[in-house]
Amino acid sequence: MIDIHHHLLWDQDDGATSLDLSIEMARMAANDGITHIACTPHANGHYPYLPEVISSKVAELQHLLDKEGIDLKLGRGCDFHMSYDNIEQARMDASRFTLNCGGYLLVEIPDYAIPRGLAETFYQMQLDGLTPILTHPERNATLQKDSSLIMEWLRGGVLVQVTAGSVTGRMGKTAQRVAHELLSKRWVHFLATDAHNTGSRPPKMREAHDLVADKYGPEYAHLLCVSNPLAAFLNKPMPPQLEPIDLYENLEPKSWWQRLLNR
Ligand SMILES: [Fe+2]
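Report on the accompanying structure. Since the structure is predicted, the reported quantities are computational estimates derived from the model, not experimental observations.

The next thing to look at is the sheet that holds strand S5 (residues 79–81). Here six strands make up an open sheet; going across it, the order is S3-S5-S6-S7-S8-S9 and the pairing parallel. Both outer strands of the open sheet, strand S3 (42–43) and strand S9 (190–192), are each paired with one neighbouring strand and no more. Of the pairings in the sheet, the one linking strand S7 (residues 131–135) to strand S8 (residues 159–163) comprises three bridges and is parallel in character. Bridging across to S8, Ile133 finds its partner in Leu159.

In this section: the nonpolar core. Among the nonpolar cores identified, the biggest contains 63 residues, and Phe80, Phe122 and Leu191 are the most heavily contacted of them. Excluding its chain neighbours within four sequence positions, the residues that come into contact with Phe122 are Met82, Val107, Pro132, Leu134, Trp153 and Val158. One finds Ala38, Leu99, Phe190 and Ala232 within the second-largest nonpolar core, a separate group that totals 12 residues.

At the metal site, the iron ion is ligated by His5 (NE2), His7 (NE2), Asp79 (OD) and Asp194 (OD), and these contacts range over 2.0 to 2.4 Å. Bound by four donor atoms, the iron ion shows angles of 82 to 175° at the metal and therefore irregular coordination geometry. Mapped onto the sequence, the donors of the iron ion take the spacing H-x1-H-x71-D-x114-D. Neither His5 nor His7 differs from the other in exposure class; each is buried.

Here is what the cut-offs are and how they apply
Residues numbered from 1 in each chain as written. Predicted model: local features only at pLDDT ≥ 70, side-chain atom pairs only at ≥ 80, totals over all residues. Heavy atoms only, no water. Pairing = 2+ DSSP bridges. Helix = DSSP H or I, 4+ residues; strand = E, 2+ residues; numbered from the N terminus. Core = buried A, V, L, I, M, F, W, Y, C linked by side-chain atoms within 4.5 Å. Buried < 20%, exposed > 50% of the residue type's maximum accessible area, 1.4 Å probe, protein only. Contact = heavy atoms within 4.5 Å. Donors = N, O, S within 2.8 Å, 3.2 Å for Na, K, Ca; no water. Tetrahedral: all angles 85-135°; square planar, octahedral: opposite > 155°, others 65-115°.

Structural measurements only, silent on function.
Take a look at the structure:
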């Protein structure tokens, strides 16, 4: 399995607090069946985001993992917060932020408010050659109440990543319910751990993979945990997807009478 969202690097954000913990998390991930990890620290106002530091830490950690015999391939990216500064910087040089400096960008939106004009920002990103991956919408309080915005973004070409812990219930009942709503409609493209430590936010996705395979079919689980994240990790086009449900059905033009009644 390939994990494209993981706070593995030490002393970078609220993820691993030491190099030893990074190694322990990597070992736990490998034991869970994870083969690739994109190290994606937060790029927001709380933590200094320095791509050069991240690259050198990824190289250092990869060297140590190889020495320890932990079979994991590391990459890099970030948890891109939708701030004005970040968006401006990404317009100038998106490779500072994208997964392995390719075209896929993990995008995090604030928990309690959806920034105005977000659909336009997503659209602009795509005009700039990027593929935005919306991280864990199932944990966003606004989207938990109304998932229609996700529908609009999905139609616009945004991809969706759900946290493995949301699928299994570790992130709470509401996140779990919304995660399964999205999964049941095949509106999800990636599962990822969003691991921060070895305890409350562990680097595990096997259990979520198996649950998805059980409930929604092994083909979908494979897409979410292997084929799609591998494509993003390697900066390749996404493989063919399963048909989403209820995404395009009500796109036929409305009659004047329906528009009048707003139906
Ligand atoms: Fe994250």
